[in-house]
Amino acid sequence: SEASNSLSPHEVSALSAILSTGSHPMVDLCKLAQKYYYVDGSEGSSSIKRLLKPTLNASDNLKTMYGSPTYNGRNFKDFQWHQIVDNGSGCAKDPYDILSGENPELDSANVTKGGGAVAAFNEL
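Keep in mind that what you see is a predicted model, and the values were worked out from it rather than measured.

Draft legend 1. Structural view of the overall build of the protein chain. Looking only at helices and strands, one finds 8 helices and 0 strands in the protein chain. Reading the secondary structure of the protein chain in the N-to-C direction produces α-α-α-α-α-α-α-α. The buried share among the 124 residues of the protein chain stands at 25%. Across the protein chain, contacts joining residues at least 24 apart in sequence account for 33% of those joining residues at least 6 apart. Approximately 8,400 Å² of the protein chain is accessible, and the part contributed by carbon and sulfur atoms is 52%.

Structure below.
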């Protein structure tokens, strides 16, 4: 397929494992975000890659929830997803940059592509 041509064989394999054996089906929330969600800083985009950082900046609840190293999941233990940029702005770091920083072998440009991001999260 066209999508599999843009992914590496490793990414295709990682995604296939998630999609065929996962306990929760993946759902694309793009249409829902396009119609019903706007956050300042997203530049009008409905892409999760563009909504995630400004949503973290806008939500005190998310800052509290993800702002301490207490997040535990299948791939992360005591992880802090909400981190502040070191430039004095008080803004959140882009979670995709944080993900790339967790595994230096990941190409941060590929992590921001949907398939690359899912494969990266699966590997960590």
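Next comes the rest of the write-up.
Draft legend 2. Region of interest: the confidence of the model for the protein chain. Chain-level statistics for the protein chain give a pLDDT mean of 74 and a share of 67% at 70 or above. Taken element by element, the predicted model of the protein chain shows its lowest mean pLDDT in helix H1 (residues 2-5) (47) and its highest in helix H5 (residues 60-66) (89).

Draft legend 3. Region of interest: the pattern of salt bridges. Under the criterion given, the structure shown has 1 salt bridge. Linking Asp 60 and Lys 63 is a salt bridge whose minimum nitrogen-to-oxygen distance equals 3.9 Å. Of this pair, Asp 60 and Lys 63 are both found in helix H5, 3 residues apart, which corresponds to roughly one turn of the helix.

Draft legend 4. Quick peek at the environment of Asp 28. With respect to the element layout, Asp 28 can be found in the loop between helix H2 (9-21) and helix H3 (30-36). Classification of Asp 28 as exposed rests on a relative accessible area of 66%. When the C-alpha atoms of Asp 28 and Ile 48 are compared, they prove to be 9.8 Å apart, with 20 residues separating the residues in sequence.

Draft legend 5. Highlighting unusual backbone geometry. The backbone of Glu 43 shows a phi angle near 55°, a positive value even though the residue is not glycine. You will see that Asp 78, though not glycine, has its phi angle at about 50°, which is positive. By the element assignment, Asp 78 lies in the loop between H5 and helix H6 (95-102).

Draft legend 6. Summary view of a nonpolar patch on the surface. Side chains of Leu 29, Leu 32 and Tyr 36 sit close together on the surface and give an oily, nonpolar patch of about 380 Å² of accessible area. Tracing the backbone shows Leu 32 in helix H3.

Draft legend 7. Representation of the environment of Lys 49 within the structure. Relative to the helices and strands, Lys 49 is located in helix H4 (residues 48-58). It is 8.7 Å that separates the C-alpha atoms of Lys 49 and Pro 95, two residues lying 46 residues apart in sequence.

Draft legend 8. Structural context of the environment of Lys 93. Locating Lys 93 in the fold gives a position in the loop between H5 and H6. Setting aside residues no more than four positions away along its own chain, Lys 93 makes contact with Lys 53, Gln 83, Ile 84, Val 85 and Ile 98.

Procedures and definitions
Residues numbered from 1 in each chain as written. Predicted model: local features only at pLDDT ≥ 70, side-chain atom pairs only at ≥ 80, totals over all residues. Heavy atoms only, no water. Helix = DSSP H or I, 4+ residues; strand = E, 2+ residues; numbered from the N terminus. Buried < 20%, exposed > 50% of the residue type's maximum accessible area, 1.4 Å probe, protein only. Contact = heavy atoms within 4.5 Å. Areas by Shrake-Rupley, 256 points an atom, 1.4 Å probe, with all protein chains shown as cover. pLDDT = per-residue confidence, 0-100. Salt bridge = Lys/Arg side-chain N within 4 Å of Asp/Glu carboxyl O. Patch = residues over 30% accessible without salt bridge, like charges linked within 9 Å, V, L, I, M, F, W, Y side chains within 5 Å.

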